[in-house]
Amino acid sequence: MRSILLAASQNQWLRHRAVNYSFVRRTVLRFMPGEKLDDALGAAEALRSKKIGSILTHLGENIKDRAEAQQVAEHYLEVLKRIREKGLQAEISVKLTQLGLDLSPDLCFEHLNAIIGRAEKDSIVWVDMEASDYVDATLDLYRRALTAHPNVGICLQAYLHRTKDDLANLLPLRPSIRLVKGAYNEPPEIAFPRKQDVDENYFELGARILRAKKENRCVRAAFGTHDVALIRRLADCASAEGFAKRQFEVQMLYGIQRAEQERLAGEGCTSIVLVAYGSYWYPWFVRRLAERPANLWFIARNVFEA
Ligand SMILES: Cc1cc2nc3c(=O)[nH]c(=O)nc-3n(C[C@H](O)[C@H](O)[C@H](O)COP(=O)(O)OP(=O)(O)OC[C@H]3O[C@@H](n4cnc5c(N)ncnc54)[C@H](O)[C@@H]3O)c2cc1C
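Model, not experiment: these values are computed from the prediction. (Residues numbered from 1 in each chain as written. Predicted model: local features only at pLDDT ≥ 70, side-chain atom pairs only at ≥ 80, totals over all residues. Heavy atoms only, no water.)

Caption draft 1: Looking closely at the overall build of the protein chain. Regarding its fold elements, the protein chain presents 13 helices and eight strands. Relative to its length of 306 residues, the protein chain is compact, with a C-alpha radius of gyration of 18 Å against a globular reference of 19 Å. In terms of principal-axis extent, the alpha carbons of the protein chain reach across some 55 × 45 × 40 Å. The buried share among the 306 residues of the protein chain stands at 55%. Put simply, 74% of the contacts in the protein chain that link residues at least 6 apart link residues at least 24 apart. Approximately 14,100 Å² of the protein chain is accessible, and the part contributed by carbon and sulfur atoms is 52%. Taking the average location of the 44 positive side-chain charges in the protein chain and that of its 39 negative ones, the two points are 4 Å from each other. (Helix = DSSP H or I, 4+ residues; strand = E, 2+ residues; numbered from the N terminus. Rg over C-alpha atoms; globule rule 2.2 N^0.38 Å. Buried < 20%, exposed > 50% of the residue type's maximum accessible area, 1.4 Å probe, protein only. Contact = heavy atoms within 4.5 Å. Areas by Shrake-Rupley, 256 points an atom, 1.4 Å probe, with all protein chains shown as cover. Lys, Arg positive; Asp, Glu negative; His and termini not counted. Charge placed at Lys NZ, Arg CZ, Asp CG, Glu CD.)

In structure tokens form, the structure reads like this:
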């Protein structure tokens, strides 16, 4: 089911049709507060009242047009301005293919550099990790950006065999890292096919990242997961390393494991929610379905509630 849904996430024919069905649109609202920046800022304010931080991301990927990449970069500059005006503790997360990586790495770097240059120095601009054929280009641009600005973070995917080496190569640069399991359809030569191997690799990489943070070789160590068992194991590991609760950071997606987001914040841990918004939600939404095919029931329920 996961593979079928991940293939569907890339299907243009399905995308054009699915976005017009009101029951699909209603289901999407479970995972995003709305399509507009104001919807995301409103969600960030509501999260702040629960002591939960937020990261805003404008949905979109694989942009093939320079003018569109420019518009996305300008949009993020506007987001940073609005965050500052509202006094929110929010950060942003960007996809490099949305900033023109497919067109030209240099153009993409220019946009990324401009965005980081405009962000508050004590906040991180996060760079998402996309499918495996983008990992080298993403890491190259991340290294370039990190040389110019310390406040940029990268997402690493525990399902990839290569991530252990990528992490070792990044640590001398004092990166900020968000560790996730990985959301794309990858072959077994590239990614662990069995979930338990991904989970175990996640834990090992997570423990390594915590140790690096302790040794001051990593600026921010964030765990991007909803896996409560893994969070508990890593929290124990952080406590054994002597970290205070607030130094243990978990990032989750809007609408998923809300009780756990609040529990972590209530315990004094750093709990952050990634709030996605925008009209290009189809591939992102279908990846959320693939992570938990039981989510298809929400679609089914919305068909009958029409
Ligand atoms: C902040 C953040 C940023 C991310 N950035 C990236 C990125 O840049 N690149 C990338 O490849 N991936 C990214 N991801 C997605 C990630 O790779 C996983 O696909 C996703 O987090 C699901 O894996 P999990 O760690 O939650 O563990 P799982 O083992 O998949 O899930 C653990 C439990 O969490 C719940 N759960 C998980 N997903 C869902 C869902 N969609 N709906 C409902 N319940 C769910 C279920 O109860 C499940 O049993 C990001 C995830 C987060 C939280």
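Caption draft 2: Focus on the sheet that holds strand β1 (residues 53–58). Strand order in the closed barrel formed by eight strands is β1-β2-β3-β4-β5-β6-β7-β8, with parallel pairing between adjacent strands. Strand after strand, the sheet turns through a mean of 25 degrees between neighbouring axes, direction not considered. Where β1 and strand β8 (residues 270–277) come together, six bridges link them in parallel fashion. Within β8, the residue paired with G53 across the bridge is I272. The strands touched by helix α6 (residues 105–118) within the sheet are β2 (91–94), β3 (125–127) and β4 (152–157), with β3 carrying the most contacts at an inclination of about 150 degrees. (Pairing = 2+ DSSP bridges. Axes fitted to C-alpha atoms, helices over the stretch in contact; angles between N-to-C directions.)

Caption draft 3: View of the site of the ligand. Surrounding the ligand, one finds 26 residues, the nearest of these being K181, G182, K195, T225 and E291. In this structure, K181 approaches the ligand through a side-chain N or O atom, which is 2.7 Å from an oxygen atom. K195 places a polar side-chain atom, nitrogen or oxygen, 2.6 Å from an oxygen atom of the ligand. Starting from 940 Å² of accessible surface for the ligand in isolation, the protein chains cover 86%. (Near = heavy atom within 4 Å. Polar contact = N/O pair within 3.5 Å; in protein donor to acceptor, adjacent residues only side chain to side chain.)

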